[in-house]
Amino acid sequence: MSSSEHNDSDDEDSELLRQPSRFAAVSEPKESDKAKKPKNRSVREFFGHDEYCYIMDAKNNGNIGRYLNHSCSPNVFVQNVFVDTHDLRFPWVAFFALTYIHAGTELTWDYNYDVGSVPGKVLHCYCGSNDCRGRLL
């Protein structure tokens with residue numbers, strides 16, 4: 001889209017039709033990448049096996065943050081912020097820029113899913129970055 005066609009309006013009446021990005025498929029992750037341990041400990045490890053896991057899902061409801069997509073080389077990072085409670089399962093989330101981000105650049109963050117954490121579920125990553133891990137789950 002050229003700069004003259006750019007429309008900052010989110011009105012549904014906008015004549016501009018937005019299309020999803022298309023990314024090339026990425027090959028399977030290398031064996032050496034699969035064996036790497038995550039650098040941060042999962043919050044799930046702090047609670048027992050009989051406790052429920054709460055998932056943030058903004059598919060049907062949420063604020064503007066629901067439009068931030070995954071990238072293995074993100075330009076923002078997420079930080080848990082405890083406002084209403086200090087329970088690790090119920091943080092508010094805040095996004096912060098990792099670098100200067102030019103206007104019009106897609107905002108992306110690393111979902112940090114644990115590959116293999118959901119038995120029988122494989123979710124490939126198509127972010128297209130040079131450091132793409134190839135899989136989300």
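Residues numbered from 1 in each chain as written. Predicted model: local features only at pLDDT ≥ 70, side-chain atom pairs only at ≥ 80, totals over all residues. Heavy atoms only, no water.

As for the overall build of the protein
Quick reminder of the rule: Only DSSP runs of H or I with at least four residues qualify as helices, and only runs of E with at least two residues qualify as strands; both kinds are numbered from the N terminus onward. Buried means the residue's accessible area, taken with a 1.4 Å probe over protein chains only, is under 20% of the maximum for its type, while exposed means over 50%, and partly exposed covers the values in between. It only takes one pair of heavy atoms within 4.5 Å for two residues to be counted as in contact. Each accessible area value is a Shrake-Rupley result obtained with a 1.4 Å probe; residue values ignore everything except the protein chains displayed when judging cover.
When you go through the protein residue by residue, the secondary structure sums to one helix and four strands. Each helix (α) and strand (β) of the protein, taken in turn from the N terminus, gives the series α-β-β-β-β. Considering the protein as a whole, with its 137 residues, one finds that 15% of them fall into the buried category. Look at the contacts in the protein between residues 6 or more apart in sequence, and 51% of them connect residues 24 or more apart. Here the protein displays about 11,700 Å² of accessible surface, and carbon together with sulfur accounts for 51% of that area.

With respect to a nonpolar patch on the surface
This is how it is decided: Patch construction takes residues with relative accessible area above 30% that form no salt bridge. Like charges are linked within 9 Å, and nonpolar side chains (Val, Leu, Ile, Met, Phe, Trp, Tyr) are linked within 5 Å. Counted as salt bridges are all cases of a side-chain nitrogen of Lys or Arg within 4 Å of a carboxyl oxygen of Asp or Glu.
A cluster of nonpolar residues, Phe77, Phe96 and Leu98, forms a patch on the protein surface that exposes about 270 Å² of accessible area. Structurally, the position occupied by Phe77 is in strand S2 (residues 76–81).

Notes on the pattern of salt bridges
Under the criterion given, the structure shown has one salt bridge. Close ionic contact of Asp110 with Arg133 constitutes a salt bridge, the shortest N to O distance being 2.8 Å. Here Asp110, found in the segment after strand S4 (108–109), pairs with Arg133, found in the segment after S4; they are 23 residues apart in sequence, far enough to count as distant.

As for the UniProt feature "domain: Post-SET" (unreviewed entry) in the protein
Let me state the cut-off plainly: UniProt positions are given in the numbering used here, feature names are shortened, and annotations may be inferred rather than shown by experiment.
Per the UniProt entry, the sites bearing "domain: Post-SET" (unreviewed entry) are residues 121–137 in this numbering. Between the C-alpha atoms that bound residues 121–137 the distance is 7 Å, and the span itself is 0% helix and 0% strand.

Remarks on the environment of Ile101
For Ile101, the location among the structural elements is in the loop between strand S3 (92–97) and S4. In this structure, the C-alpha to C-alpha distance between Ile101 and Val76, residues 25 residues apart in sequence, is 9.0 Å. Once residues lying within four places of it in the same chain are set aside, the contact partners of Ile101 are Asn75, Val76 and Leu107.

A closer look at the packing of aromatic side chains
Using the following cut-off: Between 30 and 60 degrees the pair is tilted, below 30 it is stacked and above 60 it is edge-to-face, where a pair is any two Phe, Tyr or Trp rings, Trp via its six-membered ring, whose centres lie within 6.5 Å.
With the rule as written, the count across this model stands at four aromatic pairs. Seen from their ring centres, Tyr111 and Tyr113 are 5.5 Å apart, and the 55 degrees between their planes marks the pair as tilted. The exposure class of Tyr111 is partly exposed, given its relative accessible area of 24%. Aromatic ring contacts, followed pair by pair, group Phe95, Trp109, Tyr111 and Tyr113 into a single cluster.

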